[in-house]
Amino acid sequence: CTGTGELAVCLGRLAPEGTRIAAVDFSVEMMAEAMKKREAGRIGFLAARAGKLPFRDGSVDLVTMAFATRNINISREVLSGTFAEYNRILRPGGCFVNLETSQPSSLLMRKCYHVYVKLIVSTLGSLISGTRAGYSYLARSIPLFYDPTALAGIIREAGFHEVRYGRLCFGAVAVHQAWKKPG
């Protein structure tokens, strides 16, 4: 789910020289946009689905995903299966990092956040972009997505050895880190 490649480009700036970075997405059109970026030269782009990746077992050090987990959340089973696929390709001790919208723990903050997404994000996003579909999807999917504890449980179900998370933006966003069991 590399999309327009922002995270891959960022990782490319931070990674030591010689690090191989693969950006994977099922949308060739999105990857075409990513390839236009100046820094895209050191990134390999692959067309594939998140649940069926073209990598050998234990061949990857790090898997990252940012604001795309909701898109593969067709069901809890599909999501867990996708996370299991990430676990499969990670080397022993390898890490999965997931950045996604979440649910604030405070009921008041959660209600305010959902109203904000529905009224402000959806409306402004539609006005700025000229399309309503993507932003109405956000307004529908964000309130239904897992809180960080539940998402951590799904990641554990997928076979990860250790899972931690931190909340950002008053809990509206969560960063999960999960490690494959060491050899």
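The text that follows walks through the structure, step by step, so that each part is easy to find. (Residues numbered from 1 in each chain as written. Predicted model: local features only at pLDDT ≥ 70, side-chain atom pairs only at ≥ 80, totals over all residues. Heavy atoms only, no water.)

**What about the layout of surface pockets?**
In plain terms, the rule: Lining residues are those with an atom within 4 Å of a point, where the points come from a 1 Å grid over the protein atoms alone and group into cavities, where a 1.4 Å probe fits but cannot get out, or pockets, open sets with protein on both sides within 12 Å along at least five of seven lines. Grid points are joined across faces, edges and corners, and a volume is the space filled by probe spheres set on the points. Only DSSP runs of H or I with at least four residues qualify as helices, and only runs of E with at least two residues qualify as strands; both kinds are numbered from the N terminus onward.
Put simply, the largest pocket is a space of about 1600 Å³. What lines the largest pocket is a set of 48 residues, and nearest its centre among them are Cys-1, Ala-22, Ala-23, Val-24 and Thr-64. Secondary-structure elements contributing two or more residues to the lining of the largest pocket are α1 (6-14), β1 (21-25), β3 (60-66) and α3 (76-89). For the lining of the largest pocket, the element with the highest residue contribution is β3, accounting for 7 residues.

**As for the packing of aromatic side chains**
Put simply, the rule is: A pair of Phe, Tyr and Trp rings is counted when the ring centres sit within 6.5 Å of each other, with Trp represented by its six-membered ring. The angle between the planes then sorts it: under 30 degrees is stacked, over 60 is edge-to-face, the rest tilted. Burial classification: accessible surface area is computed with a 1.4 Å probe over protein chains only, and a residue below 20% of its type maximum counts as buried, one above 50% as exposed, and the rest as partly exposed. To sit over a ring, a charge needs its Lys NZ or Arg CZ within 6 Å of the ring centre and within 35 degrees of the ring normal.
For the structure on display, the rule yields 5 aromatic pairs. Here the aromatic rings of Phe-145 and Tyr-146 are separated by 5.3 Å at their centres, their planes lie at 70 degrees, and the arrangement is edge-to-face. Look at Phe-145 and you get buried, because its relative accessible area is 4%. Through pairs of rings, three or more aromatic residues link up here, namely Phe-83, Tyr-86, Phe-96 and Phe-160. Lying across the ring of Phe-26, Arg-49 places its NZ or CZ 4.9 Å from the centre.

**With respect to the pattern of salt bridges**
The condition that has to hold: Each salt bridge in this description consists of a side-chain nitrogen of Lys or Arg and a carboxyl oxygen of Asp or Glu lying within 4 Å of one another.
If you walk through the whole model with that rule in mind, you get 8 salt bridges. A salt bridge links Lys-37 to Glu-6; the shortest N-O distance between them is 3.0 Å. Note that Lys-37 is positioned in the loop between α2 (28-35) and β2 (43-47) and Glu-6 in helix α1, a separation of 31 residues in sequence. When salt bridges that share partners are traced, they join Asp-57, Glu-85 and Arg-88 into one network.

**Some points on the packing of α3 against helix α6 (residues 148-157)**
When two helices pack together, their arrangement is given by the angle between their axes and by how far apart the axes lie. Filter applied, for reference: For every element, the axis is a line fit to its C-alpha atoms; helices are fit only across the contacting stretch, and the angle between N-to-C directions ranges from 0 to 180 degrees. Oblique is the label for any angle not under 35 degrees, not over 145, and not in the 65 to 115 range, which are roughly parallel, roughly antiparallel and roughly perpendicular in turn. Take the far helix as the reference: if the near one is turned anticlockwise from it by less than a right angle, the crossing is left-handed, and if turned clockwise, right-handed. Only heavy atoms matter for contacts: two residues are in contact if any of them lie within 4.5 Å across the pair. In this classification, Asp, Glu, Lys and Arg are treated as charged, Ala, Val, Leu, Ile, Met, Phe, Trp, Tyr, Cys and Pro as nonpolar, and every other residue, Gly included, as polar.
Orientation of α3 relative to α6, taken along the N-to-C sense of each, is 60 degrees, at an axis distance of 8 Å. When the axis of α3 is compared with that of α6, the two are oblique. Here the hand of the crossing between α3 and α6 comes out right-handed. Every residue of α6 that contacts α3 at Arg-76, Leu-79, Ser-80 and Phe-83 is listed here: Leu-151, Ile-154, Ile-155 and Glu-157. Residue composition of the contact of α3 with α6, grouped by class: 5 nonpolar, 1 polar and 2 charged.

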